[in-house]
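Chain residues, written in single-letter form:
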Amino acid sequence: MSAKTYEVRTYGCQMNVHDSERLSGLLEDAGFVRAPDGHAEGDADVVVFNTCAVRENADNRLYGNLGRLAPMKTKRPGMQIAVGGCLAQKDRDTIVKKAPWVDVVFGTHNIGSLPVLLERARVQEEAQVEIAESLEAFPSTLPTRRESAYAAWVSISVGCNNTCTFCIVPALRGKEKDRRPGDILAEVEALVAEGVTEITLLGQNVNAYGSDIGDREAFSKLLRACGAIEGLERVRFTSPHPRDFTDDVIAAMAETPNVMPQLHMPLQSGSDAVLKAMRRSYRQERFLGIIEKVRTVMPDAAISTDIIVGFPGETEADFEQTLHVVRQARFAQAFTFQYSKRPGTPAAEMDDQIPKAVVQERYERLAALQEEISWAENKSQIGRTVEVLVAEGEGRKDDATRRLSGRAPDNRLVHFARPDQQVRPGDVVTVDITYAAPHHLLAEGPARGVRRTRAGDAWEKRNAAPEQKPAGVMLGLPTIGAPAPLPAEPGGCAVR
Ligand code: SF4
């Protein structure tokens with residue numbers, strides 16, 4: 001009898017992407033195999049939704065998808081549907097009340113229970129709803145099936161101790177829990193031994209790492225310790241909070257060669273009054289002060305951010321302050337969002353909700369300003385020689401014969417002319433930047449050098465054996481080689 005197949009659909013932030021790698025690992029450990037590339041919807045024996053709860057339409061989208069699967073399940077009674085992630089943690093048994101054809105509902109703190117719950121639902125022919133109130137096991141202790149052969153997420157903490165008024169994450173992911181530094185470094189060393197060349201340290205509030213284990217400098221020490229791991233070429237981290245951005249972290253970034261000159265730091269608003277209403281515990285001056293300190297020691301660092309437009313009570317003068325910070329900070333990239341109510345958050349109950357038309361108009365002004373700055377910042381890269389980590393699945397399909405794509409150390413996307421020598425994802429190509437667009441760079445001339453790496457070998461080995469080929473599961477996101485910023489939903493530090 002052939003093995004049962006599964007698919008995992010992922011929505012929301014990188015924390016969910018990381019959890020989905022664990023869900024896939026758990027199912028494969030339990031004998032399931034991934035549904036083949038391009039399989040028809042409803043063909044998989046088990047469909048798992050790893051949901052996001054940050055925006056209102058997140059609910060509509062989930063129930064819409066579940067509705068579409070209902071008739072398929074009627075035709076195939078053995079098929080099972082499971083719902084996990086933040087929306088499951090929030091809605092719990094409401095999901096099986098609204099969609100009684102769902103077999104399993106599990107939360108953000110007990111993803112490890114999925115295989116057992118699927119089996120129990122099958123044997124007892126009854127839906128299983130199991131939500132833990134606090135973390136049962138650090139996801140990193142669970143089996144995993146990583147999407148990329150050469151880049152990996154490494155979770156260092158879960159949950160958040162902040163209480164931003166627009167955010168539902170603390171209610172769904174709980175208080176901050178830190179992993180022991182030794183566990184993290186052991187995982188990083190094991191990944192490097194498998195050929196991984198780039199890691200991204202993950203945490204809802206990554207630079208607050210250490211508050212749970214009583215060491216306020218634990219994060220900068222972790223960065224420096226990663227700097228000593230042989231074969232680890234690139235270290236990134238996401239998402240930091242401006243309040244916890246201390247000098248020791250900036251110094252560790254500047255003094256540790258494999259920590260990349262790239263920083264994503266959510267601003268959310270440039271107005272002190274709005275930051276106060278958001279309960280963001282920093283103000284404009286501190287935010288710009290951090291940017292200045294970072295640029296003093298890492299002048300080439302690419303800085304990106306998140307901004308919410310139209311937060312309740314935001315005046316035209318407040319919005320002008322946001323534009324002022326954007327002009328000052330000169331972000332390489334900004335993820336801009338229109339505020340939308342999230343039931344269950346304090347901001348949703350606030351007076352003075354801004355009319356949609358006003359929010360839209362401000363949003364367009366901000367987007368136009370940032371587009372101009374992103375392009376100008378990218379143009380300043382023309383003439384530079386950069387090392388590009390070749391990525392999988394980031395290039396334009398219609399161009400794959402002539403060009404490949406990848407990420408520069410500052411995480412900028414680079415499309416470059418395909419070298420004569422064979423190049424694999426995970427290898428490193430040195431190129432000269434010849435053209436800049438607002439959201440990518442081009443290197444049209446011949447490569448200056450190609451470095452075949454252990455990461456490239458790992459990719460080749462993984463893609464040699466047909467059963468090892470990473471099937472294009474129906475993720476909410478494209479299969480990405482090196483971690484790339486994701487257009488996440490506002491209202492939570494979208495762990496990028
Ligand atoms: S926005 Fe980020 S820092 Fe604020 S509560 Fe949400 S996850 Fe925590």
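Residues numbered from 1 in each chain as written. Predicted model: local features only at pLDDT ≥ 70, side-chain atom pairs only at ≥ 80, totals over all residues. Heavy atoms only, no water.

An unreviewed UniProt entry lists the protein chain under the name tRNA-2-methylthio-N(6)-dimethylallyladenosine synthase, with Streptomyces zagrosensis given as the organism. Check the Subcellular location (unreviewed entry) section of the UniProt entry for the protein chain; it says "Cytoplasm". Of the protein chain, the UniProt comment under Subunit (unreviewed entry) reads exactly: "Monomer." (UniProt positions renumbered as here; feature names shortened; annotations may be inferred.)

Engineer: Any chance you could explain unusual backbone geometry here in plain terms?
Structural biologist: Cis geometry is found at the peptide bond from Thr238 to Ser239, where omega equals 0°. Its place among the elements puts Ser239 in the loop between β11 (234-238) and α9 (247-255). Located in the positive-phi region is Glu125, a residue other than glycine, with phi close to 50°. Along the chain, Glu125 turns up in the loop between α5 (114-124) and β6 (128-130). Using a relative accessible area of 73% as the deciding quantity, one classes Glu125 as exposed. (Helix = DSSP H or I, 4+ residues; strand = E, 2+ residues; numbered from the N terminus. Buried < 20%, exposed > 50% of the residue type's maximum accessible area, 1.4 Å probe, protein only.)

Engineer: What am I meant to see in the packing of aromatic side chains here?
Structural biologist: Aromatic rings in a pair are described by how distant their centres are and how their planes are angled relative to each other. By the definition in use, this model includes five aromatic pairs. Ring geometry for Phe219 against Phe237: centres 5.2 Å apart, planes inclined by 80°, an arrangement best described as edge-to-face. Of this pair, Phe219 sits in helix α8 (residues 218-227) while Phe237 sits in strand β11; the two residues are 18 residues apart in sequence, bridging distant segments of the chain. Phe237 carries the same exposure label as Phe219, and that label is buried. Here the aromatic cluster, defined as three or more aromatic residues joined through ring pairs, consists of Phe166, Phe311 and Tyr339. Residue placement shows Arg179 over the ring face of Phe138; its charged tip is 5.9 Å from the ring centre. Over the face of the ring belonging to Trp375 we find Lys379, whose NZ or CZ atom lies 4.4 Å from the ring centre. (Phe/Tyr/Trp six-rings, centres within 6.5 Å; stacked < 30°, edge-to-face > 60°. Lys NZ or Arg CZ within 6 Å of the ring centre and 35° of its normal.)

Engineer: Would you mind going over the pattern of salt bridges with me for this structure?
Structural biologist: Side-chain pairing between opposite charges can occur once the charged atoms of the two side chains come close. Per the stated rule, a full pass over the model turns up 39 salt bridges. The closest approach of N and O atoms between Arg362 and Glu314, which form a salt bridge, is 2.8 Å. Within this pair, whereas Arg362 is found in helix α13 (residues 356-379), its partner Glu314 is found in the loop between β13 (302-309) and α12 (316-329), the two being separated by 48 residues in sequence. For the pair shown, Arg362 and Glu314 are each scored as buried. Put simply, Arg452 and Glu460 hold a salt bridge, and the shortest N to O gap is 3.8 Å. (Salt bridge = Lys/Arg side-chain N within 4 Å of Asp/Glu carboxyl O.)

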